[in-house]
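What follows is the residue order along each chain.
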Amino acid sequence: FSSSRNVRNIISQSMTLAIASIGQTFVLLLGGIDLSIGSTISLSTVILATVSSQPQMGIPLAIFLSVFCGAMIGLINGIGVVRFRIPAMIITLSTSSIIKGISLLILPKPGGKISLTLLDFFTARFGVLTTSSILAIILYIIAFFVLHYTSFGRSIYATGNNPIHARQTGIATNRVTVIAYMVSGVLAAIAGIILSMRVFSGDALIGDSYSMDTVAAAVVGGISLVGGVGSVIGALAGAFVLGMVNNMLNMLGVYAYYQYIIKGVILVFALLIFRMKRRNRV
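Here goes a summary of the coordinates provided. (Residues numbered from 1 in each chain as written. Predicted model: local features only at pLDDT ≥ 70, side-chain atom pairs only at ≥ 80, totals over all residues. Heavy atoms only, no water.)

1. Details of the packing of helix α2 (residues 37-51) against helix α9 (residues 173-199)
- Packing of α2 against α9 brings their axes to within 7 Å, and their N-to-C directions diverge by 50 degrees. One element, α2, and the other, α9, form an angle in the oblique class. The two elements α2 and α9 meet at a crossing, and its hand is right-handed. Contacts between α2 and α9 involve Ile-37, Thr-40, Ile-41, Ser-44, Thr-45 and Leu-48 from the former and Ser-184, Gly-185, Ala-188, Ala-189, Ala-191, Gly-192, Ile-193, Leu-195, Ser-196 and Met-197 from the latter.
- Each residue belonging to the contact of α2 with α9 can be placed in one class, and the counts come to nine nonpolar, seven polar and no charged. (Axes fitted to C-alpha atoms, helices over the stretch in contact; angles between N-to-C directions. Helix = DSSP H or I, 4+ residues; strand = E, 2+ residues; numbered from the N terminus. Parallel < 35°, antiparallel > 145°, perpendicular 65-115°, else oblique. Left-handed = near helix turned anticlockwise from the far one by under 90°. Contact = heavy atoms within 4.5 Å. Nonpolar A, V, L, I, M, F, W, Y, C, P; charged D, E, K, R; others polar.)

2. Some remarks on the packing of aromatic side chains
- Scanning all chains against the criterion turns up five aromatic pairs.
- Residues Tyr-255 and Tyr-258 carry aromatic rings whose centres are separated by 6.4 Å and whose planes lie at 65 degrees to one another, so their mutual orientation is edge-to-face.
- Cluster of aromatic residues (ring-pair linked, three or more members): Phe-144, Phe-145 and Tyr-149. (Phe/Tyr/Trp six-rings, centres within 6.5 Å; stacked < 30°, edge-to-face > 60°.)

3. Points about the packing of helix α1 (residues 4-29) against helix α10 (residues 210-220)
- Relative to each other, α1 and α10 sit at 75 degrees, their axes nearing to 8 Å. When the interaxial angle is binned, α1 and α10 end up roughly perpendicular. Contacts between α1 and α10 involve Thr-16, Leu-17, Ala-20, Ser-21, Gln-24, Thr-25 and Leu-28 from the former and Tyr-210, Ser-211, Asp-213, Thr-214, Val-215, Ala-217 and Ala-218 from the latter.
- In the contact of α1 with α10, the residues fall into seven nonpolar, six polar and one charged.

4. Thoughts on α10
- For α10, the buried fraction is high: nine of the 11 residues fall into the buried class.
- Taken residue by residue, α10 has Tyr-210, Ser-211, Asp-213, Thr-214, Val-215, Ala-216, Ala-217, Ala-218 and Val-219 as its buried positions.
- Backbone geometry just after α10 places Gly-222 at a positive phi near 95 degrees. (Buried < 20%, exposed > 50% of the residue type's maximum accessible area, 1.4 Å probe, protein only.)

5. A short note on the nonpolar core
- Ranked by size, the top nonpolar core spans 66 residues in total, and within it Ile-19, Ile-22, Phe-26, Ile-41 and Ile-156 carry the most contacts.
- For this core, the element with the highest residue contribution is α9, accounting for 12 residues.
- Here Ile-41 is in contact with Thr-16, Ala-20, Ala-188, Ala-191, Gly-192, Leu-195, Gly-207 and Tyr-210, once residues within four sequence places are set aside. (Core = buried A, V, L, I, M, F, W, Y, C linked by side-chain atoms within 4.5 Å.)

6. Let's talk about a nonpolar patch on the surface
- The grouping of Tyr-255, Tyr-257, Tyr-258, Tyr-260, Ile-261, Val-265, Val-268, Phe-269, Leu-272, Ile-273 and Met-276 at the surface amounts to a nonpolar patch, some 1200 Å² of accessible area in total.
- Tracing the backbone through its elements, the reader meets Ile-261 in helix α12 (residues 256-281). (Patch = residues over 30% accessible without salt bridge, like charges linked within 9 Å, V, L, I, M, F, W, Y side chains within 5 Å. Areas by Shrake-Rupley, 256 points an atom, 1.4 Å probe, with all protein chains shown as cover. Salt bridge = Lys/Arg side-chain N within 4 Å of Asp/Glu carboxyl O.)

7. So, unusual backbone geometry
- Notably, Arg-85 is not glycine yet its phi reads approximately 60 degrees, a positive angle.
- Take Arg-85: it is sitting in the loop between α3 (59-82) and α4 (88-106).

8. Let's talk about the side chain of Ser-96
- Its location among the elements puts Ser-96 in helix α4.
- Under the relative-accessibility criterion, Ser-96 is labelled buried at 9%.
- If sequence neighbours within four positions are ignored, Ser-96 has contacts with Leu-35, Ser-36 and Ser-39.

9. Brief notes about the environment of Thr-214
- For Thr-214, the position within the fold is in helix α10.
- For Thr-214, a relative accessible area of 0% puts it in the buried group.
- In sequence terms Thr-214 and Leu-242 are 28 residues apart; their C-alpha atoms lie 9.8 Å from each other.
- Sequence-distant contacts of Thr-214, that is, excluding residues within four places in its chain, are made with Leu-17, Ala-20, Ser-21, Gln-24 and Ile-37.

The structure is reproduced here in structure tokens:
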């Protein structure tokens, strides 16, 4: 488990979840939730696998389309929440179903081809890190700075703590909410790009588990499901905790279905611990 090869493997396996968890953190801090992250990740792999290897289209267009689609999905989710007052769980679950259908129409079964140039770039190694790992670190630094040192970040915490009070103090809570969901969509698309480098293909169903895994990573990292409490660093720690647990279970030969049960138990315990800590503070 402690070998350098396995450490590299854990880092590589955790990158998709770590990057997607940043976006989920932005939404959870508002008191919302994004259940479309998994389908967005899948759509991103599908777009990359069907576009990046086409000579007339190329890598830049594939990346742009993936990120643009992620942003539009986030925009739809945000507008649904703030304009039409649809509960976040309902609108994001609905968009998730729509996105999954679109992905299956484009690529009914796993396949396609990832550009070798793109693969070489994202899998280039620098010690125990890869280009993907370095990208994740940069994204976390940016997210931490935005949440703690910008007015937008303070507005997210204020809105999550008390949206009515935040609105009364002049914060454009609707705009903050829409932008947060767009950030979640964009980061899910980037996570999909990273995941496609691991599987070297597109898959319309490969991201299904990530919607709840990002919630689990955030909660394990101390982020409140009711908003206003937590840090993006906690989400990173939670992603690596889940990554290490998955790695250990795989090394122990635990059957895949039991792994879902174990991750669910971990999430329940994390919620109980957070609830007890909050009760003690009160």
